[in-house]
Amino acid sequence: MRRALITGITGQDGSYLAEFLLNKGYEVYGLIRRSSSFTTGRIDHLYQDPHLGKPALRLIYGDLSDGTNISSVLDELNPDEVYNLAAQSHVRVSFDQPIYTVDTGALGTLRILEAIRKMPRSPRFYQASSSEMYGNASQATQDENTPFHPRSPYACAKAYSFWQTVNYRDAYSLFACNGILFNHESPRRGETFVTRKITRAATRIKLELQDRLYLGNLDARRDWGFAGDYVEAMWLMLQQSRPEDYVISTGWKHSVREFLDEVFGHLDLQWQGYVEIDPRYFRPTEVDELCGDSTKARKQLGWEPKVGFRELARMMVDADMKLAHREAILREHGQEVPAGELLVGSGATGVSW
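All figures in this text were calculated on a predicted structure; none of them were measured in a lab.

Procedures and definitions
- Residues numbered from 1 in each chain as written.
- Predicted model: local features only at pLDDT ≥ 70, side-chain atom pairs only at ≥ 80, totals over all residues.
- Heavy atoms only, no water.
- Salt bridge = Lys/Arg side-chain N within 4 Å of Asp/Glu carboxyl O.
- Helix = DSSP H or I, 4+ residues; strand = E, 2+ residues; numbered from the N terminus.
- Buried < 20%, exposed > 50% of the residue type's maximum accessible area, 1.4 Å probe, protein only.
- pLDDT = per-residue confidence, 0-100.
- Contact = heavy atoms within 4.5 Å.
- Axes fitted to C-alpha atoms, helices over the stretch in contact; angles between N-to-C directions.
- Left-handed = near helix turned anticlockwise from the far one by under 90°.
- Phe/Tyr/Trp six-rings, centres within 6.5 Å; stacked < 30°, edge-to-face > 60°.
- Lys NZ or Arg CZ within 6 Å of the ring centre and 35° of its normal.

Participant: What is the right way to look at the pattern of salt bridges in this model?
Facilitator: Side chains bearing opposite charge may pair, as long as their charged atoms lie close to each other. Applying the stated rule across the entire model yields 28 salt bridges. For the salt bridge of Arg 92 with Asp 96, the shortest nitrogen-to-oxygen distance reads 3.4 Å. Placement of both Arg 92 and Asp 96 in helix H3 (residues 91-96) is noted, with a separation of four residues, approximately one turn of the helix. Using a relative accessible area of 13% as the deciding quantity, one classes Arg 92 as buried. Between Glu 262 and Arg 310 there is a salt bridge, with its nearest N and O atoms 3.2 Å apart. Within this pair, whereas Glu 262 is found in helix H8 (residues 256-266), its partner Arg 310 is found in helix H10 (residues 309-332), the two being separated by 48 residues in sequence. Residue Glu 262 is classed as buried on the basis of its relative accessible area, which comes to 15%. Sharing partners across several salt bridges, the network here consists of Glu 191, Arg 200, Arg 204, Glu 327 and Arg 331.

As structure tokens, then:
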């Protein structure tokens, strides 16, 4: 049985990846930070294997800011594969917390790579890179050869991690891959990310639980895919005969306005009557549009996105409508929705788009 370690397992991608690997028969371990509150809402359903009657997933306390701890965990587990998904992943928040963002998103990666380098048997390593590294690229679509121009502390941290991964691969012959993932969403997306912020608010507006939604730049255009599709690409990268870097994207870009159209239209609402622009939600340096060219991944990995833009938006609306109905029922009885019930779709903190 192959063994995998996932950092950032309690996040959107980590939960889908854990699910995927468990279905492949892996023994999965997740690295989580010690916290006074539970943050495992997205993976609670994976703890117990109903067929075997034993834990299907094991969690280990650790922190990417502690290199000694990382080395100890890797030495103890001796995994076959390591997926580094942990980071402060909110672009707008990275302007408010740049040092923390870089410590986890950049130096955290270096600590893992250095620990792997010292192991007698090095596991295969996946680094979660980001389309934000391209910034305002001059090319209409971005592929593996497009130069980076990061425009946020988050993007700078990801660019650092990308090149350290390449460097360790070249210098020490590690099997280390970068997945340059373009925006990928799901019902498990954090509520402060623009897509989930919109679907959560729209469903609450539909049930008259709120009356306004505040957003920033509605003209930003992104290549949006489904997170459940993208974790398959992560796994495929580590199954190849040689390590390489891959862009993972749909190849289609849509504006925030278009996402609003899909979401509110699915609920028979006109978003213009509910959305207001708040300057606080604009980034100090904007990235106008990003669109990926995943030709290499499609040819070499045999990977294809399965969920389209409209299907993704409606999937998220339908999931959030269930939450909104639950909230409405509790409010009728003078109760508030327990925070844990929203955790399946939460994660990041701070302001949004």
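Moving on, there is more to tell.
Participant: Would you take a moment to explain the confidence of the model for the chain for this structure?
Facilitator: Predicted coordinates in areas of low pLDDT are best not read in detail. On average, the chain scores 91 in pLDDT, and the residues at 70 or more come to 91%. Within the model, pLDDT remains below 50 along residues 343-353, and this stretch shows 54 contacts once partners closer than five positions in the same chain are excluded.

Participant: Sorry, what's going on with the packing of helix H6 (residues 194-206) against H8 here?
Facilitator: Relative placement of two packed helices is described by the angle separating their axes and the distance separating the axes. Between H6 and H8, the least distance of the axes is 10 Å, while the angle of their chain directions is 35 degrees. Considering the relative orientation of H6 and H8, their crossing is right-handed. Here Val 194, Thr 195, Ile 198, Thr 199, Ala 202 and Ile 205 of H6 come into contact with H8, specifically with Val 256, Phe 259, Leu 260, Val 263 and Phe 264.

Participant: What is the right way to read the packing of aromatic side chains from this model?
Facilitator: Aromatic ring pairs are reported here in terms of the distance separating the ring centres and the angle at which the planes meet. One pass over the full model with this rule turns up 14 aromatic pairs. With 5.1 Å between their ring centres and 55 degrees between their planes, Tyr 168 and Tyr 172 make a pair best called tilted. A residue pair is termed a helical-turn pair when its members lie 3 or 4 positions apart in one helix, as Tyr 168 and Tyr 172 do in helix H5 (residues 153-172) at four residues. Above the ring of Phe 175, the side-chain terminus of Arg 124 is found at 3.8 Å from the ring centroid.

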